[in-house]
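Below are the chains, spelled out letter by letter.
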Amino acid sequence: MKPETKNVLLKAYAQLHQITEELYSASDKAVENNDFEDASLLASRADRLYEEIENLEIVISEQEEI
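Worth saying up front: this structure is predicted, and the values here are computed from it rather than measured.

Q: Explain the side chain of Thr20 here, please?
A: Structurally, Thr20 can be placed in helix H1 (residues 3-32). Polar side-chain contacts of Thr20 include one of 2.7 Å to the backbone oxygen of Leu16. What Thr20 contacts, discounting residues up to four positions off in sequence, is Ala46, Leu49, Tyr50 and Ile53.

Q: Is there a simple way to think about the packing of H1 against helix H2 (residues 36-65) in this case?
A: Helix packing for two helices is described by the angle between their axes and how far apart those axes are. Put simply, H1 and H2 touch, their axes get as near as 8 Å, and they point 160° apart. Comparing their axes, H2 and H1 come out roughly antiparallel. In this structure, the crossing between H1 and H2 has a hand that is left-handed. Looking at the contact of H1 with H2 residue by residue, the class counts come to 22 nonpolar, 3 polar and 7 charged.

Q: I tried to follow the pattern of salt bridges on my own but got confused; where do I start?
A: Should their charged atoms come close, side chains of opposite charge can pair. Summed over all chains, the structure comprises 1 salt bridge. Two residues, Lys6 and Glu64, come together in a salt bridge whose shortest N-O distance is 2.7 Å. Of this pair, Lys6 sits in helix H1 while Glu64 is found in helix H2, placing the two residues 58 residues apart along the sequence. Overall, Lys6 belongs to the partly exposed group, its relative accessible area being 28%.

Q: Can you walk me through the environment of Asp47 in this structure?
A: Turning to its location among the elements, Asp47 is positioned in helix H2. Classification of Asp47 as partly exposed rests on a relative accessible area of 39%. Distance in space between the C-alpha atoms of Asp47 and Lys2 is 30 Å, their sequence separation being 45 residues. At 2.4 Å, the side chain of Asp47 and the side chain of Tyr24 are in polar contact.

Q: I would appreciate a short explanation of the nonpolar core in the present structure.
A: Taken as a class, soluble globular proteins show a tendency for nonpolar side chains to be buried jointly. If you look at the biggest cluster of nonpolar residues, it comprises 5 residues: Leu9, Leu16, Ile53, Leu56 and Ile60. Of all the secondary-structure elements, those providing two or more residues to this core are H1 and H2. No other element matches the 3 residues that H2 contributes to this core. Ignoring anything within four residues of it in the chain, the contact list for Ile60 reads Met1, Leu9 and Leu10.

About the criteria used
- Residues numbered from 1 in each chain as written.
- Predicted model: local features only at pLDDT ≥ 70, side-chain atom pairs only at ≥ 80, totals over all residues.
- Heavy atoms only, no water.
- Helix = DSSP H or I, 4+ residues; strand = E, 2+ residues; numbered from the N terminus.
- Polar contact = N/O pair within 3.5 Å; in protein donor to acceptor, adjacent residues only side chain to side chain.
- Contact = heavy atoms within 4.5 Å.
- Axes fitted to C-alpha atoms, helices over the stretch in contact; angles between N-to-C directions.
- Parallel < 35°, antiparallel > 145°, perpendicular 65-115°, else oblique.
- Left-handed = near helix turned anticlockwise from the far one by under 90°.
- Nonpolar A, V, L, I, M, F, W, Y, C, P; charged D, E, K, R; others polar.
- Salt bridge = Lys/Arg side-chain N within 4 Å of Asp/Glu carboxyl O.
- Buried < 20%, exposed > 50% of the residue type's maximum accessible area, 1.4 Å probe, protein only.
- Core = buried A, V, L, I, M, F, W, Y, C linked by side-chain atoms within 4.5 Å.

Here it is, written out as structure tokens:
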């Protein structure tokens, strides 16, 4: 993998991680406010992004082994 590609993937990884943390935090606040519908929506979006973070991590690590 070219260094430029790796850098872009690592940047995307970091940004997705930050967004995911914000979504989980917002979900927690929604639960505190008894807004369970929004909490569920926020948590489910965070879960999907977390899956993408895991996938990116796998791609990056696999490419480093090549």
